[in-house]
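Residues per chain, in single letters:
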Amino acid sequence: MATTIPIGPYHPLQEEPEHYLLTVEEEEVIDVDVQIGYNHRGIEKLSEEKTFNQVPFLVERVCGICSHSHPYAYCLAVEDCGDIEVPERAKYIRTLIGELERIHSHLLWAGLAGHFIGYDTVFMWAWKYREDVLDLLELLTGNRNAYAMMKPGGVQREIKREDLEGARPTLQTLKEKSEMLYNAILDDPVLKARLEGVGVLPEEDARAFGALGPTSRASGIPADARADFPYGMYEELDWQVITREAGDTLARVEVRLLETLESIKMTEQIIDEMPDEGSIDSEPENVPAGEGIGNYEAPRGECFHYVQSDGSNRPVRHKIRAPTFMNFPTYKSTCVGETVADATIILASVDPCYSCTERAISLKGREDVDLLELSEKKTADLKEELGVNKSPLEEVLDE
Amino acid sequence: MNWKSWGISKSPWLYHVNTGSCNNCDIEIVDCLTPKFDVERFGGKLVGSPRHADVLMVTGPITRKSKPRFERVLEAAAKPFIVAAVGTCACSKGMFHDAYNCVGPVRKVTEAADEDIMVLNIPGCPPRPEAIIDGLVTGLDQLKEVKL
Amino acid sequence: MNPSTFKEELSGRFGWKLGKGEQSSDRLYLNPEPEIFENLIEAIFEEHDGRLATISCVDEEDQFRLLYHFALDGEGFITTVKLPVDKDENPSTESITNLIPGAEWIEREVMEMFGIEFRNHPAKKRLLKAEALDDGDFPYRKDFDVENLEET
Ligand code: SF4
């Protein structure tokens, strides 16, 4: 007999209000229905009342986690509309902040994913190291979130060389910690059992639903706006589009964690290469009549903005499409047929911008034993039993 | 101070209500729980149901669709409780002042529901975790002066 | 392929019905005759692996215009197909969800925000709009009266 389980709109596991109706037969999910709109504030409408230079501050508040992505996509759209040139130094600054944002967003997600499957250690660790990125962003832009760096034609503020150099040690630690996190997650037999083969999104479904970002890349589609529609400094940097063929939840975890490492690599290159002198703003006079499209690879996938101008100082129409809007409907392909317990992690594995607020365990190690050591030892023991020698990251790097 | 306000100010259990915020305030609230800030040191703890809560942490400018749900949360919460409006959106609607779909701010809705609900405003866009903790501690300190 | 060769290829197939359109190095805008619209979309989606990025609706004074944005990831440009919709009592157009399932939510959003009906859409339900608003309120239309909205 089919039963319906309502979840939400206010549910301890969700940070944002959404309302799910899971129809289940025994343990198996046979249908999912979603009600959204609790967060709908009407930003597209509001944007038509703001001037071109005010809109970045508004769209920064579309989503707090991608608070660089939306302004960036909007600025790309306006620059496309008015054929506005952006100085090179401004591009470097934009790219730098964008990549730092990706690191913090992916770490945030890794933590939440751990929490969703009841593994709060990952949650606490990932969020602890995420703080380092936020500190870095605060150093460079003055704010932990909502950096207010973007404006059509350039950026709002300078970044000084001393600050950039000051970022290096943090990046180094971050690299080590992300590698540790990657190994810890991919090495863990329990996590593997929980994630492997769960919630598979086949490639043709990913195409049909128009899935984006890590969700589609984990299904073997090498689409990445940074590579396909090069903006910013991505053409000059040495980096790779990460893809996986499996399409399951584990693949999505893997893609995100490896992307974090790529982003750290890019950030270091930017620090090396960024010129110290030069203008950061081309100060466009006005935006001519016309239309423009901006697509930016946000941490969750392509963020799409369309701007139409009639030559006045306000957009006539500003359409915003966030990546989750395309990624989320894939639940129709991934959730059905799975068990109820897996449904949460599958829904969360597209990173639908929601977060947990529920439990928090503070892990206090006894003074004489280092928790990290203990855990590494346990992993080593397990590996010996399983007969694996290399860490997962080493294997990927060997490829 | 009477025994009720004394009780709340000791170890506030928090329930988080998102009424259409941009997520930034919410992650900063969650940040408060993670190792760096760790509000559990002050006895603050996030709980899973409004019925267990002493403080409702409300974020967002209250959208039309979430308003009836928020009112139900207000009804369900165990009395007495206080409402902490976290973020400029919740305090005054901030950027979304003219948005057609936002009917807040929080104080307006709580006043319509019940005049006596105390609202604690923690402004900032988003307020940093330090500010949230500071706001809560200051607010709860002042609770000692009132009778709930 | 770039926008101009792509356009040539399409006009070889659809002839004058493809209509005029602007283009730049990475954008192509097409204004096809409504009768070839569905075939055109099918060609872009199936033969050229165009990914439906989104549908923007613009409220122009005398009509609506739907903009179907397709990203051709492998080629690195974006094609936008424009389709005018008459602004009468009951503006409507054909749904493309049977061809592109990913269009479902996008069309639902346009449906409730602009009041354009998509015929044969599988789930004509509300997605974002609050229950407090009437079925006849279309917030994203230019003539939507924000001032007199009740604060329900
Ligand atoms: S106050 Fe600012 S950060 Fe907080 S929800 Fe509102 S817009 Fe977002």
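### Examining the environment of A:D272
Residue and element names in this part refer to chain A.
Okay, so step 1: By the element assignment, D272 lies in helix α11 (residues 249-273).
Okay, so step 2: Residue class for D272 comes out exposed when judged on its relative accessible area of 52%.
Okay, so step 3: Distance from D272 to D205, taken between C-alpha atoms, is 41 Å for residues 67 residues apart in sequence.

### Some points on the site of the ligand
Okay, so step 1: Around the ligand sit A:R61, B:S21, B:C22, B:N24, B:C25, B:G87, B:T88, B:C89, B:G124, B:C125 and B:P126, and that is every residue in its neighbourhood.
Okay, so step 2: Residues near the ligand are shared among chains A and B, making this a multi-chain site.
Okay, so step 3: At the level of secondary structure, the elements contributing two or more residues to the shell around the ligand comprise α2 (24-31) and α4 (88-92) of chain B.
Okay, so step 4: Residue composition of the shell around the ligand, grouped by class: five nonpolar, five polar and one charged.

### Some points on the interface of chain A and chain B
Okay, so step 1: Counting residues at the interface gives 46 residues for chain A and 42 residues for chain B.
Okay, so step 2: Carbon and sulfur atoms supply 57% of the area that chain A and chain B bury against each other, a total of about 3,700 Å² over both sides.
Okay, so step 3: When the buried area of chain A at its contact with chain B is split by residue, A:Y10, A:Y38 and A:R41 rank highest and sum to 21% of it.
Okay, so step 4: Linking chain A with chain B are five salt bridges, by the criterion used here.
Okay, so step 5: Our count for the chain A to chain B interface comes out at nine residue pairs in polar contact (both at pLDDT 80 or more).
Okay, so step 6: Breaking the side of chain A that touches chain B down by element, the ones donating at least two residues are α1 (43-47), α2 (55-59) and α5 (120-141) of chain A.
Okay, so step 7: Broken down by element, the residue count for the side of chain A that touches chain B peaks at nine residues, all from α5(A).

### Let's talk about empty space enclosed by the protein
Okay, so step 1: Tallying each qualifying case throughout the model produces eleven cavities of 30 Å³ or more.
Okay, so step 2: Computed from the structure, the largest cavity encloses a volume of approximately 790 Å³.
Okay, so step 3: When contributions to the lining of the largest cavity are tallied by element, the ones reaching two or more residues are α1, β8 (315-321) and α12 (323-327) of chain A together with α3 (103-114) of chain C.
Okay, so step 4: Of all the elements, α12(A) adds the most residues to the lining of the largest cavity, at three residues.
Okay, so step 5: Class assignment for the residues of the lining of the largest cavity results in 19 nonpolar, eight polar and seven charged.

The rules behind these values
Residues numbered from 1 in each chain as written. Chains lettered and ligands numbered in written order. Predicted model: local features only at pLDDT ≥ 70, side-chain atom pairs only at ≥ 80, totals over all residues. Heavy atoms only, no water. Helix = DSSP H or I, 4+ residues; strand = E, 2+ residues; numbered from the N terminus. Buried < 20%, exposed > 50% of the residue type's maximum accessible area, 1.4 Å probe, protein only. Near = heavy atom within 4 Å. Nonpolar A, V, L, I, M, F, W, Y, C, P; charged D, E, K, R; others polar. Contact = heavy atoms within 4.5 Å. Buried area = accessible area lost by both parts, 1.4 Å probe. Salt bridge = Lys/Arg side-chain N within 4 Å of Asp/Glu carboxyl O. Polar contact = N/O pair within 3.5 Å; in protein donor to acceptor, adjacent residues only side chain to side chain. 1 Å grid on protein atoms, 1.4 Å probe; cavity = no way out; pocket = protein on both sides within 12 Å on 5 of 7 lines; lining within 4 Å. Points joined across faces, edges and corners; volume = space filled by probe spheres on them.

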